Amino acid sequence: MIVLLLASACSNRISNFGKTKIAQRSDSVLLNNRISAIKSVRLEKFERGLFKGTSNPAIAYRLFKPLNLSGQKLPLIVFFHGSNAIGVDNVNQIGILPKLFAMDETQVKYPAYVLAPQFPSRSSNYSLDQKRNLLTSKPQPCLNSALQLIDSLKKTLNIDQKRIYVVGFSMGASTAINAMALKPDLFAAGISISGIPEFDQLATLASIPLWIIHGNIDTENPFASDEQFYKEVSNQHKTRFWELDNLAHNNVFSTSFLGEELPNWLFKNSRK
């Protein structure tokens, strides 16, 4: 049975920050229709690119540019993919999340550049945090190239540098948190879906708006790491934590946050 969360229906009752346990209901037809609509976004809407930073090898990327720019500065949303998209084909990293933000209906309300790098190797690795007996994540060298790519695009595109956001799923979610820890002055907010947090930079990460989404029966990237991370950063009231009840790693997108909830939350945040 495929489950669909009532996230959109109850979004008005869910605070911008804090922890919420999201219940579930069965609604496979609605879910399948929504996923099909997102997947129908053509890959050709994303321009191909290749960037050579200071770390080898070069990284491939795709970039979506809004059609009607009108000279205005627009946000940049960076998407980091999971480990199943590691490679150099410059295709597999374009999954549901980048396509959701490139949809016409999303761009009408939330116009933005959409950047999706493809890592040729793991962008984040995991180890045991001895103090907490939980997994923690560490950035890998190819992440530096992605951050350098963002810096280069800031010079060539009309990006609103106060509204650069980072979003990731699985390994990419861990990488999103690693990126925020490495460059806290770059990102206005981030979304981590089913990732592993970084415990070494708690004070830094607690100061940046961060939305954590995680299924509580995830065994691939265990839920307990994100749960503990939230406990340690929640006092700064910058972190939103959605616990998706009875969802595992690979069915976490069986949720109605595939509507406007993600861009709506991101666009509320801007660096000072």
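Residues numbered from 1 in each chain as written. Predicted model: local features only at pLDDT ≥ 70, side-chain atom pairs only at ≥ 80, totals over all residues. Heavy atoms only, no water.

Chemist: In this structure, what is going on with the pairing of strand 9 (residues 134–139)? I would like to understand it.
Modeler: Residues in a regular strand project their side chains so that they alternate between the two faces of the sheet. Direction of pairing for strand 8 (residues 124–129) relative to strand 9: antiparallel, over a ladder of 6 bridges. Of the residues in strand 9, the one forming a bridge with S127 is T136. In this structure, the hairpin formed by strand 8 and strand 9 is closed by a connection of 4 residues, where N133 is found at a positive phi of approximately 55°. (Pairing = 2+ DSSP bridges. Helix = DSSP H or I, 4+ residues; strand = E, 2+ residues; numbered from the N terminus.)

Chemist: How should I be thinking about the pattern of salt bridges in this particular structure?
Modeler: Opposite charge on two side chains permits them to pair, given that their charged atoms come into close proximity. This model, assessed by the stated rule, comprises 15 salt bridges. As a salt-bridge pair, E243 and K19 come within 3.3 Å of each other at their nearest N and O atoms. Pair noted here: E243 is in strand 13 (residues 239–244) and K19 is in strand 2 (residues 18–22), with a separation of 224 residues, a long-range link. We classify K19 as partly exposed; its relative accessible area is 40%. The residue E260 makes a salt bridge to K109 at a minimum N-O spacing of 2.8 Å. Taken as a pair, E260 in the loop between strand 13 and helix 8 (261–267) and K109 in helix 3 (residues 104–109) lie far apart in primary sequence, 151 residues in all. (Salt bridge = Lys/Arg side-chain N within 4 Å of Asp/Glu carboxyl O. Buried < 20%, exposed > 50% of the residue type's maximum accessible area, 1.4 Å probe, protein only.)

Chemist: Can you help me understand the nonpolar core in this one?
Modeler: Counting residues in each nonpolar core, the largest one holds 41 residues, and the members touching the most others are L76, F80, L115, I150, F187 and F229. The greatest single-element share of this core, amounting to 7 residues, is contributed by helix 4 (residues 142–156). Beyond its immediate sequence surroundings of up to four residues, I150 is in contact with L76, V78, L115, L186 and F187. One finds L100, F169, I213 and L247 within the second-largest nonpolar core, a separate group that totals 40 residues. (Core = buried A, V, L, I, M, F, W, Y, C linked by side-chain atoms within 4.5 Å. Contact = heavy atoms within 4.5 Å.)

Chemist: Help me understand the sheet that holds strand 11 (residues 189–193), please; the structure alone is not making it clear to me.
Modeler: Where strands meet in a sheet, backbone hydrogen bonds hold them as pairs that are either parallel or antiparallel. In space, the 9 strands of this open sheet follow the order 2-13-12-11-10-6-7-5-4, with mixed pairing throughout. Single-partner strands in this sheet number two, and they are strand 2 and strand 4 (46–51). Sheet twist, expressed as the mean angle between neighbouring strand axes with direction ignored, is 15°. Of the pairings in the sheet, the one linking strand 6 (residues 74–80) to strand 7 (residues 113–118) comprises 3 bridges and is parallel in character. (Axes fitted to C-alpha atoms, helices over the stretch in contact; angles between N-to-C directions.)

Chemist: Just checking my understanding: could you explain the layout of surface pockets for this structure?
Modeler: A water-sized probe rolled over the atoms picks out the places where empty space is left. Space inside the largest pocket adds up to approximately 500 Å³. Along its surface, the largest pocket is lined by 24 residues, and G82, N84, G95, F169 and F253 are the ones closest to its centre. Listing elements by their share of the lining of the largest pocket, those giving two or more residues are helix 1 (28–39), strand 6, helix 2 (96–102) and strand 10 (159–169). No other element matches helix 2, which puts 3 residues into the lining of the largest pocket. A breakdown of the residues in the lining of the largest pocket according to their chemical character gives 12 nonpolar, 10 polar and 2 charged. Put simply, the second largest pocket is a space of about 290 Å³. (1 Å grid on protein atoms, 1.4 Å probe; cavity = no way out; pocket = protein on both sides within 12 Å on 5 of 7 lines; lining within 4 Å. Points joined across faces, edges and corners; volume = space filled by probe spheres on them. Nonpolar A, V, L, I, M, F, W, Y, C, P; charged D, E, K, R; others polar.)

Chemist: Just to check I follow, could you spell out helix 7 (residues 223–233) for this structure?
Modeler: Note that an α-helix has 3.6 residues per turn; residues three or four places apart therefore point the same way. Where helix 7 is concerned, the buried positions are F223, S225, D226, F229, Y230 and V233. Along the long axis of helix 7, the arc covered by the buried residues comes to 160°, so they all point the same way. At its buried positions, helix 7 is contacted by strand 2, strand 9, helix 6 (202–206), strand 12 (210–215) and strand 13. (Arc of directions from axis to C-beta.)

Chemist: I keep staring at unusual backbone geometry and nothing clicks. Help me out?
Modeler: Both trends apply: most residues other than glycine have a negative phi, and most peptide bonds are in trans. For S170, which is not a glycine, the phi torsion comes out positive at approximately 60°. A relative accessible area of 5% means that S170 is categorised as buried. Phi is positive for N246, close to 60°, though the residue is something other than glycine. Structurally, N246 is set in the loop between strand 13 and helix 8.

Chemist: I would appreciate a short explanation of the confidence of the model for the protein in the present structure.
Modeler: Close reading of the predicted structure is inappropriate where its pLDDT is low. Predicted confidence across the protein gives a mean pLDDT of 92, with 93% of residues reaching 70 or more. The low-confidence segment residues 1–13, where pLDDT is below 50, has 39 contacts with residues more than four positions distant or belonging to other chains. (pLDDT = per-residue confidence, 0-100.)

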